[in-house]
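This is what each chain is made of:
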Amino acid sequence: MMIETDEYLVRAYVAGGCLSLLDKLIDRHLVKVRNLICSMVLNASDADDLTQETFIKATAALPGFRHNACFKTWLYRIAVNTVRSFMRRRGAMLVDFTGEMHESAVTASVTPSSEVISREEWARLMRAITSLSPCLRRAFILVGVHEFNPREAARIEGCLTATMYRRVHVARRQLQKMLREEVAS
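These numbers were taken from a predicted model, which means no experiment stands behind them. (Residues numbered from 1 in each chain as written. Predicted model: local features only at pLDDT ≥ 70, side-chain atom pairs only at ≥ 80, totals over all residues. Heavy atoms only, no water.)

**Things to note about the packing of helix H7 (residues 134-145) against helix H9 (residues 161-184)**
For the pair H7 and H9, interaxial distance at closest approach is 8 Å and the crossing angle is 100 degrees. Compared by their axis directions, H7 and H9 come out roughly perpendicular. Listed contacts from H9 to Cys135, Leu136, Ala139, Phe140, Val143 and Gly144 of H7 are Met164, Arg167, Val168, Val170, Ala171, Arg172, Gln174 and Leu175. Residues of the contact of H7 with H9, tallied by class, amount to 10 nonpolar, 2 polar and 2 charged. (Axes fitted to C-alpha atoms, helices over the stretch in contact; angles between N-to-C directions. Helix = DSSP H or I, 4+ residues; strand = E, 2+ residues; numbered from the N terminus. Parallel < 35°, antiparallel > 145°, perpendicular 65-115°, else oblique. Contact = heavy atoms within 4.5 Å. Nonpolar A, V, L, I, M, F, W, Y, C, P; charged D, E, K, R; others polar.)

In structure tokens, the structure reads:
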């Protein structure tokens, strides 16, 4: 039996147009893409709309997918660019945390050891993440939450790998400082 990799599904869909192949591809990535988007915009309704927009754009662009990058990296880049356009249209540089991210954005990424975090600690962490600039927040979420390696995250963001390492480092330092200050007060 042949394993249906993302790349296989893309090639087969582009070659034959079979919608069931496209459905498999979308089903495989829908939740994680929505979680990524929600963790950037911090609003479930906007995340739903932007997730739909991301998959519409990706489906339209599939015939041009060059296979020189991992499909997941390519798809996440479309998602990040869709969020950037949305934020520019809204004129939003920073987003206030609405409290809805706990259930929707990180649930799929929670590890057993992280499940013991209290609601108070979770809220503190979300406030700190929200206070990061959008650029640092995206870097932290891609590497720290969605577990992309910095090189893949850099491809998604369209920056140098060294730049991504720096952004993640700065984001972590800022988060540590903010959390220490909040605990001390």
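**Description of the environment of Leu30**
On the secondary structure map, Leu30 appears in helix H2 (residues 19-41). In the structure, Leu30 is positioned 22 residues away from Gln52 in sequence and 9.2 Å away in space, judged by C-alpha atoms. In this structure Leu30 touches Thr51 and Phe55, once residues within four positions along its chain are discounted.

**Quick look at the confidence of the model for the chain**
When pLDDT drops low, the exact placement of atoms in the prediction is not to be read closely. Mean pLDDT over the chain: 84, with 85% of residues reaching 70 or higher. When mean pLDDT is compared element by element in the chain, helix H3 (residues 44-61) scores highest at 95, while helix H5 (residues 101-104) scores lowest at 42. Across residues 93-113, where pLDDT falls below 50, the model places 43 contacts with residues more than four positions away in sequence or in other chains. (pLDDT = per-residue confidence, 0-100.)

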